[in-house]
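Structural overview for review
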Amino acid sequence: MIRIVIAAALSALTAAECGDHEPPKTAPPPFEWGSLDAASTAPTASSTGSAPGVDPADAHLVALKKMDVALAGADPKAYADLFATDAVVTVPGISEWKGRNDITAMHAKIFHPLDDVKVGTSRVWIRRDLAAVEWTLVGTHARTWLGVPATSKPIAIHGLSVSAFDADGRVKSQRIYFDVISVLAQVGAALPGFEVAAVSKLPTSTEVIVAQASPEEDANVALNDSSAKLMEQGNLDAAVAVYADDVEFFGLGGPPAKGRDAMRKRIDATWKAMTERKVTIDGWGVKGFVVEEVTLAAVNTGSFRGAAPTKNPVKLHGASILELKDKKIVRQWSFSNRAELLTQLGVKYAR
């Protein structure tokens, strides 16, 4: 939900993050992700599309596994070849890249500066031609990364990628959500107050959740949308009623927040800093989950990190995975880039 995506970006800014927290396990995967080894998934120009009679979900999983392999490789072009010729890739708070040449440059800028790269996927959600992938990338900071000279320190990037596929089975659009500040802190570049936990471990298994196109899935999406609109209007009491009493929220690597009251406090602090809010929501249901991407446009009219409000407009992007049971949100995992907001507010976060 937009309220928690933004609350995560704001409330986690002032506290050092600590501890690795594994997502609670749910049902076993219906698809054996590990069966797609590197040899069978090497990217080629002709192998990304769906063959006649192949389940689109299985075809998309094959393409996503190829993307893991290519992402960990040293050839940016092999990664870009998995996208449509006119594809658009966006990393909120960093930049947007259009077409394969740009996507090649994006890979070289964000991922190629690392050596000994390994990628692990923890969960995948698929609905028709949409897929969300929760992943962890680990490597060694061997070359300049976003302006920070090589430190030879270990780096872990934990993120969520949301992709849309075209009719040929290639990715036509992708948004990649991860927190730049968490990575900068790992190489000693972030200022005090932005530290994060030790480098995360790679997931050892992958859970795959495929949508059933059921009325329950649509109802979960509608419930989420209505609650977010109430939040946009400032009706906090009605908006947080969708949470279970013992809801758990995971975001930005810190310890999970627990309980409806804790969630409300985070939301309230955020909304005091941001007014004239306009929210764009794009959500879709996958069994008992909702995959949500949100954009918040607002004006910074409240104090932030002890500084006077800028009165300037801001725009923030984020994504969340919501788990619902009995029409209540019981768990939420949120992904955003704190640097996106800090840059707009003029708050310095790196040396």
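Residues numbered from 1 in each chain as written. Predicted model: local features only at pLDDT ≥ 70, side-chain atom pairs only at ≥ 80, totals over all residues. Heavy atoms only, no water.

1. Topic: the overall build of the protein
Note the threshold: A run of H or I in DSSP counts as a helix once it spans at least four residues, and a run of E counts as a strand once it spans at least two, with each numbered from the N terminus. Between buried and exposed lies partly exposed: a residue is buried under 20% and exposed over 50% of the maximum accessible area for its type, with that area taken using a 1.4 Å probe on protein chains only. Residue-level accessible areas treat just the shown protein chains as cover; the underlying method is Shrake-Rupley with a 1.4 Å probe.
For the protein, the helix and strand inventory stands at nine helices and 13 strands. Counting across all 351 residues of the protein, residues that qualify as buried make up 53%. By element, 53% of the accessible surface of the protein is carried by carbon and sulfur atoms, the whole surface being about 14,700 Å².

2. Focus on the pairing of strand β1 (residues 83–91)
As a reminder, the rule being used: By definition, two strands form a pair when at least two bridges between them are found by DSSP.
With four bridges joining them, β1 and strand β6 (residues 171–178) adopt parallel strand pairing. Note on β6: the bridge partner recorded for Thr90 is Arg175. With four bridges connecting them, β1 and strand β2 (residues 95–98) associate as antiparallel partners. What sits directly across from Val91, in β2, is Ser95. Between β1 and β2, which pair antiparallel one after the other, the connecting turn spans three residues, and Gly93 there sits at a positive phi close to 90°.

3. Quick notes on the sheet that holds strand β10 (residues 274–286)
The strand order β9-β8-β13-β12-β11-β10 describes an open sheet built from six strands, whose pairing is mixed. The open sheet has two edge strands, β9 (257–258) and β10, and neither has a second partner. As paired strands, strand β12 (residues 313–325) and strand β13 (residues 328–336) are joined by eight bridges and run antiparallel to one another. Among the inter-strand pairings, Leu324 is bridged to a residue of β13, identified as Ile329.

4. What to know about the side chain of His107
Inclusion rule: We call two residues in contact when some of their heavy atoms are within 4.5 Å.
Mapping His107 onto the fold places it in helix α4 (residues 99–110). On the basis of relative accessible area, His107 is assigned to the buried category, the value being 0%. Apart from the residues within four sequence positions on either side, His107 is in contact with Ala70, Leu71, Gly73, Pro76, Tyr79 and His112.

5. Thoughts on the sheet that holds β2
Where we set the bar: Lines are fitted to the C-alpha atoms to define the axes, a helix being fitted only along its stretch in contact, and any angle between axes, read from their N-to-C directions, falls within 0 to 180 degrees.
Taken together, the seven strands give an open sheet; going across it, the order is β2-β1-β6-β5-β4-β3-β7, and neighbouring strands pair in mixed fashion. In this open sheet, the two strands that pair with only one neighbour each are β2 and β7 (207–210). Across the sheet, the mean angle separating the axes of adjacent strands is 20° when strand polarity is ignored. Taken together, the seven bridges between strand β5 (residues 154–165) and β6 define a ladder with antiparallel strand orientation. Looking across to β6, one finds that Ala164 is bridged to Ser173. Along the sheet face, α4 touches β1, β2 and β6 and points at about 40° away from the line of β1.

6. A word on the packing of aromatic side chains
Note the cut-off: Working definition: a ring pair exists when centres of Phe, Tyr or Trp rings (six-membered ring for Trp) sit within 6.5 Å. Plane angles under 30 degrees give stacked, over 60 give edge-to-face, the rest tilted.
Across all of its chains, the model carries three aromatic pairs by this definition. On the basis of an interplanar angle of 65° and a centroid distance of 5.9 Å, the ring pair of Trp125 and Phe289 is categorised as edge-to-face. Note that Trp125 is positioned in strand β3 (residues 114–127) and Phe289 in strand β11 (residues 289–300), a separation of 164 residues in sequence. There is no split in this pair, since Trp125 and Phe289 are both buried.

7. Some points on the side chain of Glu293
Going by this rule: N or O atoms closer than or at 3.5 Å make up a polar contact, with two conditions inside protein: a donor-capable atom paired with an acceptor-capable one, and, for residues adjacent in sequence, both atoms drawn from side chains.
Inspection of the secondary structure puts Glu293 in strand β11. Exposure remark for Glu293: the relative accessible area of 7% places this residue in the buried category. Reaching out from Glu293, the side chain makes a polar contact with the side chain of Tyr177 at a distance of 2.6 Å. Apart from the residues lying within four places of it in its own chain, the contact partners of Glu293 are Val162, Arg175, Tyr177, Thr280, Ile281, Asp282, Gly318 and Ala319.

8. Describing the nonpolar core
The cut-off we apply is this: Joining through side-chain atoms within 4.5 Å is the link that ties buried Ala, Val, Leu, Ile, Met, Phe, Trp, Tyr and Cys residues into a set, and such a set is a nonpolar core.
Counting residues in hydrophobic clusters, the biggest one holds 60 residues, and the most contacted among them are Tyr79, Ile103, Met106, Leu137 and Phe178. Per-element accounting of this core gives the leading share, seven residues, to helix α2 (residues 56–72). Listed in part, the 17 residues of the second largest apolar core include Val242, Ala257, Met263 and Trp271.

9. Considerations on the pairing of β5
For β5, the buried fraction is high: 10 of the 12 residues fall into the buried class. The loop that links β5 with its antiparallel partner β6 comprises five residues; one of these, Gly169, has a positive phi angle of about 85°.

10. Things to note about α2
Along an α-helix, residues three or four positions apart point the same way, because every turn accommodates 3.6 residues. Filter applied, for reference: Every helix has an expected span of 1.5 Å times one less than the residues it contains.
Between the first and last C-alpha of α2 there are 25 Å, a value that for 17 residues agrees with the 24 Å anticipated at 1.5 Å per step. Within α2, 12 of the 17 residues are buried, which leaves it mostly tucked inside the rest of the structure. Every buried residue belonging to α2 is among Ala57, Ala59, His60, Leu61, Ala63, Leu64, Lys65, Lys66, Met67, Asp68, Ala70 and Leu71, and all of these are buried.

11. Focus on the confidence of the model for the protein
Where we set the bar: Known as pLDDT, the predictor's per-residue confidence is scaled from 0 to 100.
Summary statistics for the protein give a mean pLDDT of 83 and a share of 82% for residues scoring 70 or more. Taking the mean pLDDT of every element in the protein, the minimum, 50, falls on helix α1 (residues 2–11) and the maximum, 97, on β1. pLDDT under 50 marks residues 14–30. Its contacts with residues more than four places away, or in other chains, come to 45 contacts. Throughout residues 37–48 the model reports pLDDT below 50, and contacts reaching past four residues in sequence, or to other chains, amount to 19 contacts.

12. Considering the environment of Glu248
Here Glu248 lies in strand β8 (residues 243–251). The spatial distance from the C-alpha of Glu248 to the C-alpha of Ile329 is 8.8 Å, given a sequence separation of 81 residues. Filtering out sequence-adjacent residues up to four positions away, Glu248 remains in contact with Ala257, Lys258, Val330, Arg331 and Gln332. Only 3.5 Å separates the side chain of Glu248 from the side chain of Arg331, close enough to count as a polar contact.

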